[in-house]
Amino acid sequence: MVKNQKSVLFSVFIMTLLGLAGLVISAQAGDKEKAAHPQLSEQEMLLDCADCHREATPEIEKQWFNSRHGLAMVKCYQCHGTFETFTLTPTKATCGTCHTDMLEKCKKDTPCWDCHAPHTFKKQK
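Only a predicted model underlies this, so the values are computations on that prediction, with no experimental measurement involved.

Criteria and thresholds
- Residues numbered from 1 in each chain as written.
- Predicted model: local features only at pLDDT ≥ 70, side-chain atom pairs only at ≥ 80, totals over all residues.
- Heavy atoms only, no water.
- Helix = DSSP H or I, 4+ residues; strand = E, 2+ residues; numbered from the N terminus.
- Buried < 20%, exposed > 50% of the residue type's maximum accessible area, 1.4 Å probe, protein only.
- Contact = heavy atoms within 4.5 Å.
- Areas by Shrake-Rupley, 256 points an atom, 1.4 Å probe, with all protein chains shown as cover.
- Arc of directions from axis to C-beta.
- Salt bridge = Lys/Arg side-chain N within 4 Å of Asp/Glu carboxyl O.

Caption draft 1: Representation of the overall build of the protein in the model. In terms of regular secondary structure, the protein is built from eight helices and zero strands. Written out in order from the N terminus, the α and β elements of the protein read α-α-α-α-α-α-α-α. Looking at the protein residue by residue over its 125 residues, the buried ones come to 23%. Of the contacts made within the protein by residues no fewer than 6 positions apart, 42% connect residues no fewer than 24 positions apart. Here the protein has roughly 9,600 Å² of accessible surface; of this, 61% comes from carbon and sulfur atoms.

Caption draft 2: A look at helix H3 (residues 49-56). Of all the residues in H3, the buried ones are Ala-50, Cys-52 and Ala-56. In an axial view of H3, the angular spread of the buried residues amounts to 165 degrees, which keeps them on one side of the axis.

Caption draft 3: Layout of the pattern of salt bridges. Per the stated rule, a full pass over the model turns up three salt bridges. Its salt-bridge partner being Lys-75, residue Asp-48 comes within 3.9 Å of it at the nearest N-O pair. Taken together, the residues Asp-48 in the loop between helix H2 (42-45) and H3 and Lys-75 in the loop between helix H5 (68-71) and helix H6 (76-80) connect sequence positions 27 residues apart. Judged by its relative accessible area of 37%, Asp-48 falls in the partly exposed class. The class for Lys-75 is partly exposed, based on a relative accessible area of 26%. For Glu-61, the salt bridge identified is with Arg-54, shortest N-O distance 3.9 Å.

Dropping the structure here:
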């Protein structure tokens, strides 16, 4: 009986993650500036972002994990904000919080993503 309950809970968890992934993909397809993080329960908000994104968006989580940001333990909220201030696409000002010197070298009208691939942060070719 306990094993069946665990299976049901695991299935519900996976379905929730898949739903979240669908919401993230929908948000990316829509207006990026108005995109909000999918609604989460208070208990889900206690999880590390990577705990869900490892399942919901595994390639993005892997890109971040293997990047300089991942190695330096720069967390998702530092670029994307908290659940209350979430933004799908960080602004140049957000990047400038840590990379002020680099922003001075960049063109004013060019987003950081034109030069650096999101989540890997490697230079675009």
